[in-house]
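Single-letter residue listing:
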Amino acid sequence: MSTTLVFIILANLLSTVISIGLAALLSFRLLSGLVDKLVCVSAGLLLTVAFTHLIPESYNSEADPFVLGWVMLASIIGFFLLEKASLIHHTHHHEGDAHHHHHGHDAHEAGRGGLPILIGDAFHNFADGVVIAAAFMLDWKAGLLATLAVMAHEIPHEVGDFMILLNAGFTKRKAFVFQLISGSSAVLGGIVGYFVLEASATLLPYALIVAAASFIYIALSDLLPEMMRRKSLGQSLPEVALVLTGVVVAGVVMSALHTH
């Protein structure tokens, strides 16, 4: 088994366990303020990794730049359509929490409310796994950064889902276990991604562009609604500062690791 594959599997396992574990802890403490801050920092991380690492590396390859541009555009439109088809629940359900409460807590509700979330999560985590695989195929530094970025985004995302599952009548333990099961698809995504990209190196630049598109899409769809809710620029400054923190962290990590 190659070291790259080991890295990919470990990164996905750790990312899944850590983000769901932290999400569960945060849900118990109800530190929603911290979650909102994490969303901003993770958006900064995601955008930086996408624009300063994944895209340049992709364009640095043999692939046709125009084709890469079209792939990126198609990916972003694809993510939008997927979200509209509500297979992937990216949105953090802070506002959604209130009206979940007065649903009956019977078993029927529990099954109905929780299942789409878990299936949507499994898709989403599988895609994260492929992203992490693609980044590791580039080099371990890119892999590390992509893992960090995915994790930073997953924590707030899992917190939202955790609350939905609890509101849908899951016990805390059951919600945690089910989220772990749905999260394990990340490892599968990593393994599939590794073997597909290993078989065809020419696919790597395209995988990186799709990964970049997903990072940009996620970051903006997380950030923009938050930003638009604020009335004045002054109210948005703390968020802007947090986004910039994410950018700086990713930049520093990257320049520290950029030996070539």
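The structure this text deals with has already been given above.
S.K.: I'm lost on the packing of aromatic side chains in this one. Help?
M.R.: Aromatic ring pairs are described here by two measures, namely the spacing of the ring centres and the angle between the planes. Across all of its chains, the model carries four aromatic pairs by this definition. Ring geometry for F7 and F136: centres 5.8 Å apart, planes at 10°, overall stacked. Here F136 lies in helix 5 (residues 107-138) and F7 lies in helix 1 (residues 3-29), a separation of 129 residues in the sequence. Residue classification places F7 among the partly exposed positions, given a relative accessible area of 43%.

S.K.: Explain empty space enclosed by the protein to me, please; I cannot follow it from the model alone.
M.R.: The gaps left among the atoms become clear once a water-sized probe is rolled over them. Per the counting criterion, the structure on display carries one cavity of 30 Å³ or more. Lining the largest cavity are 13 residues, with S15, T16, N125, E154 and A186 sitting closest to its centre. For the lining of the largest cavity, the secondary-structure elements that each account for two or more residues are helix 1, helix 5 and helix 6 (140-167). No other element matches the five residues that helix 1 contributes to the lining of the largest cavity.

S.K.: Explanation requested: helix 10 (residues 233-257) in the structure shown.
M.R.: In an α-helix, one turn spans 3.6 residues, which is why side chains three or four residues apart end up on the same side. The end-to-end C-alpha separation of helix 10 is 35 Å, in line with the 36 Å expected for 25 residues at 1.5 Å each. When the local axis directions of helix 10 are compared, the greatest deviation, roughly 30°, occurs at E239. Those residues of helix 10 that sit buried are S236, E239, V243, G246, A250, M254 and L257.

Parameters at a glance
- Within every chain, residues take consecutive numbers counted from 1 along the sequence as written.
- Confidence filtering applies because this is a predicted model: local features only for residues at pLDDT of at least 70, side-chain atom pairs given and counted only at 80 or more, and all residues used for totals across whole chains, interfaces and linings.
- Side-chain calculation: all heavy atoms of the structure are included, whereas hydrogens and water are not.
- Two aromatic rings, drawn from Phe, Tyr or Trp (for Trp, its six-membered ring), form a pair once their centres lie within 6.5 Å of each other, and the interplanar angle then sorts them: stacked below 30 degrees, edge-to-face above 60, tilted otherwise.
- For the purposes of this entry, the term helix denotes a DSSP run of H or I that reaches at least four residues, the term strand denotes a run of E that reaches at least two, and both are numbered from the N terminus.
- Think of it in three bands: residues with accessible area under 20% of the maximum for their type are buried, residues over 50% are exposed, and the middle band is partly exposed, with areas taken using a 1.4 Å probe on protein chains only.
- Only protein atoms enter the calculation, which uses a 1 Å grid: trapped sets of points that fit a 1.4 Å probe without letting it out are cavities, open sets showing protein on both sides within 12 Å along at least five of seven lines are pockets, and any residue with an atom within 4 Å of a point is a lining residue.
- Grid points are joined across faces, edges and corners, and a volume is the space filled by probe spheres set on the points.
- Multiplying one less than the number of residues by 1.5 Å gives the expected span of a helix.
- One axis fitted to the seven residues ending at a residue, another fitted to the seven starting there: the angle between these axes is the bend at that residue.

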